[in-house]
Amino acid sequence: MAKLAKESSRVSRRSFLASGAAAGGAAAIGALAPNQANAQNVRWNRTADIVIVGAGVAGLSAACEAAEQGASVIAIDMNYDIGGHGIMSGGQLHLGGGNEHQKIANVKDSPDSVFKDWTRHDHHAARYSDRDLVRVFADWNVDTYTWLLKQGVKYETGMQQSSASTVPRQFRTVEWHIPAEVIAPRRNRNGSGLVRPMAASARAKGVDIVLNTKLTRIVREQPLSGRVVGIAAQGPNGPINIQARRGVIICTGGHSSNVALRRTFDPRLTEEYQVACSTYSLQSGDGEIAAMDIGASLWATANQTAEAGTAITKTRHIGCQWGYASLVYEPDSPLFPKARAMGLTVEDFQNVIMVKENGLRFVDETKGNYDFFAACMAWSGDPNKLNGGGPIWAVFDQSAVEREQWITKPPYVDLTGWFFQGDTLKELAGRVAGPYQKRKMDPAVLESTVAKFNAGIDAGKDEFGRKALNFKIDKPPFFAAWTTPILHDTLSGLHTNTNGQVMDRKAQVIPGLYCAGESMGGFAQHGLARCVIFGRVAARHASKGSV
């Protein structure tokens, strides 16, 4: 494994967001009094060598690695259980370099090949990467493959080639064997087979995982100088201050649930865009904001809008609030009371048209690329809402219901503002409402839109170039189902060097502060491998207690 490089001398992007509305901002200081701007008078409630904020994939990886290095570890998480977005994921790991999985499949690979692929100039998912970080990632691939097995993780057979990789490197972990601990059982939530074994491994090594505890502040010796010495948090019994003798590692996940922060990268992403997995794991950006409060910088922000990967995705399960393509909450899921519906799974998008809140079509509904997403986010004509595309509704008729074999009743659809039905198009338009529908849909406009679409089928030509023109919308009743794109990956975050140390606005190390996972910027690979590796990288360096 290559040695970790020294601190980077790169010039950092200016950090300019300081949102008081977001938790972890300057107003939320936990047990610290407002006049305690530095660490001199903090009364510590608990102490450990390493304090980790977030018990998802990156946090648990860091916890296991730090404990193996002989450090005492306290990991906190604001959720009631471990796993973060990782436990809700499909368990995809992108690990190559010539590991045993690849050898069994006769795939030739090397760390150099991993590095070359993930710094490709001709691929949007790779061209904006920090190459120093990709080099570390590539060199840790093979060791991490074996290391995860030692934590009790099991792998499925088979691999696939994806994204910037030129050889197969992506495979899945085996889903956790206890359905009650999977969160969304029977829906291939294989990420549970990554985080559950790691949590068990961490606890067996003496890691204390403290749940229902939310970061409110990172404590530094001085507001913008000196060493990070701990955190302030809000637990179930009130404020708590936890001292970190060697380092604090931020592993709080991404920021896609924080509307103010995500619009720093893309101002189109207004409040109507929901976030995958947020019924369980909120991507609040707490760690990033708390780090920026003490001088940290963002990094490689171009990755967030590179128009590659799954930063934004097409909604496949329509008629419910959260319709991420691979995630369904069945009625026996502990999250179903919050999710409220499973959604209608679309097998063929030629069975619907999509309209904005104004009742107008705007795109070829069968597409799903970033041109499609740009059309979704285009201005809908509302003079009071210039940014964001507003709600998008899939409109279809009873014939489509029969072709798709849908059941248009709960628990498949959510009748609290995400699914509507009418005997006529006029009646349907009058009923469409919901928390993000700012204007009433004009019935005449919707009727005209459907008539124009049907006429296009007769003429064999669609105004948006749609090729699939087999089915008219003409058999009542008629339906409108929420189908607004849903957000997923956070692909940018805090500036770190190759040790996982967080850098300030002058590209200098903030001593004692580390970051890994989706809170970290510089490398935009989809999947869980980057979170595992950089969690380990940060923990190994922090365990040394180095500056």
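This text goes with the structure placed above it.
Scoring rules and cut-offs
Residues numbered from 1 in each chain as written. Predicted model: local features only at pLDDT ≥ 70, side-chain atom pairs only at ≥ 80, totals over all residues. Heavy atoms only, no water. Pairing = 2+ DSSP bridges. Helix = DSSP H or I, 4+ residues; strand = E, 2+ residues; numbered from the N terminus. Axes fitted to C-alpha atoms, helices over the stretch in contact; angles between N-to-C directions. Contact = heavy atoms within 4.5 Å. Phe/Tyr/Trp six-rings, centres within 6.5 Å; stacked < 30°, edge-to-face > 60°. Buried < 20%, exposed > 50% of the residue type's maximum accessible area, 1.4 Å probe, protein only. Lys NZ or Arg CZ within 6 Å of the ring centre and 35° of its normal. Salt bridge = Lys/Arg side-chain N within 4 Å of Asp/Glu carboxyl O. Parallel < 35°, antiparallel > 145°, perpendicular 65-115°, else oblique. Nonpolar A, V, L, I, M, F, W, Y, C, P; charged D, E, K, R; others polar. Polar contact = N/O pair within 3.5 Å; in protein donor to acceptor, adjacent residues only side chain to side chain.

A. The arrangement of the sheet that holds strand β15 (residues 419-422) in detail. Taken in spatial order, the four strands make up an open sheet running β13-β14-β16-β15, and their pairing is antiparallel. If you trace the sheet from one side to the other, it starts and ends with β13 (353-356) and β15, each paired once. Each strand of the sheet is rotated relative to its neighbour by a mean of 25°, with strand direction disregarded. Inspection of the sheet shows β15 paired to strand β16 (residues 478-482) by four bridges, in the antiparallel sense. Paired with Gly422 across the two strands is Phe478, which belongs to β16. Seen against the sheet, helix α13 (residues 443-459) touches β13 and β14 (392-397) and runs at an angle of roughly 150° to β13.

B. Up close: the packing of aromatic side chains. Applying the stated criterion across every chain, the model contains 16 aromatic pairs. Here the aromatic rings of Phe372 and Phe373 are separated by 5.6 Å at their centres, their planes lie at 70°, and the arrangement is edge-to-face. Residue Phe372 shares its accessibility class with Phe373, and that shared class is buried. The aromatic ring of Phe362 is capped on one face by Lys356, whose charged end is 4.9 Å from the ring centroid.

C. Representation of the pattern of salt bridges within the structure. As enumerated under the stated definition, the model contains 33 salt bridges in all. We note a salt bridge from Glu365 to Arg361, for which the minimum N-O separation is 2.7 Å. For Glu365, a relative accessible area of 0% translates into the label buried. Owing to a relative accessible area of 8%, Arg361 belongs among the buried residues under this scheme. Note that Lys472 and Asp458 form a salt bridge whose closest N and O atoms lie 2.8 Å from each other. Placement of the pair is Lys472 in the loop between α13 and β16 and Asp458 in helix α13, with a sequence separation of 14 residues. Judged by relative accessible area, Lys472 falls into the partly exposed class, the value being 28%. You can call Asp458 exposed: its relative accessible area is 57%. Taken together, the salt bridges that share partners define one network made up of Glu65, Asp143, Arg536 and Arg540.

D. Up close: the packing of helix α5 (residues 131-150) against helix α14 (residues 529-543). Where α5 meets α14, the axes come as close as 9 Å, and the angle between the chain directions of the two elements is 95°. Taken together, the axes of α5 and α14 lie roughly perpendicular to each other. Here α5 contributes Leu133, Val136, Phe137, Trp140, Asn141, Asp143, Thr144, Trp147 and Leu148 to the contact with α14, which in turn contributes Ala529, Arg530, Val532, Ile533, Phe534, Arg536, Val537 and Arg540. Among the residues forming the contact of α5 with α14, the class breakdown is 11 nonpolar, two polar and four charged.

E. Spotlight on the environment of His488. Its place among the elements puts His488 in the loop between β17 (486-487) and β18 (493-494). A C-alpha to C-alpha distance of 23 Å links His488 and Met159, two positions 329 residues apart in sequence. The residues touching His488, leaving out its near neighbours within four places in the chain, are Ser256, Ala276, Gln283, Thr310, Ala311, Thr313, Tyr324, Glu518 and His526. At 2.7 Å, the side chain of His488 forms a polar contact with the side chain of Asp489.

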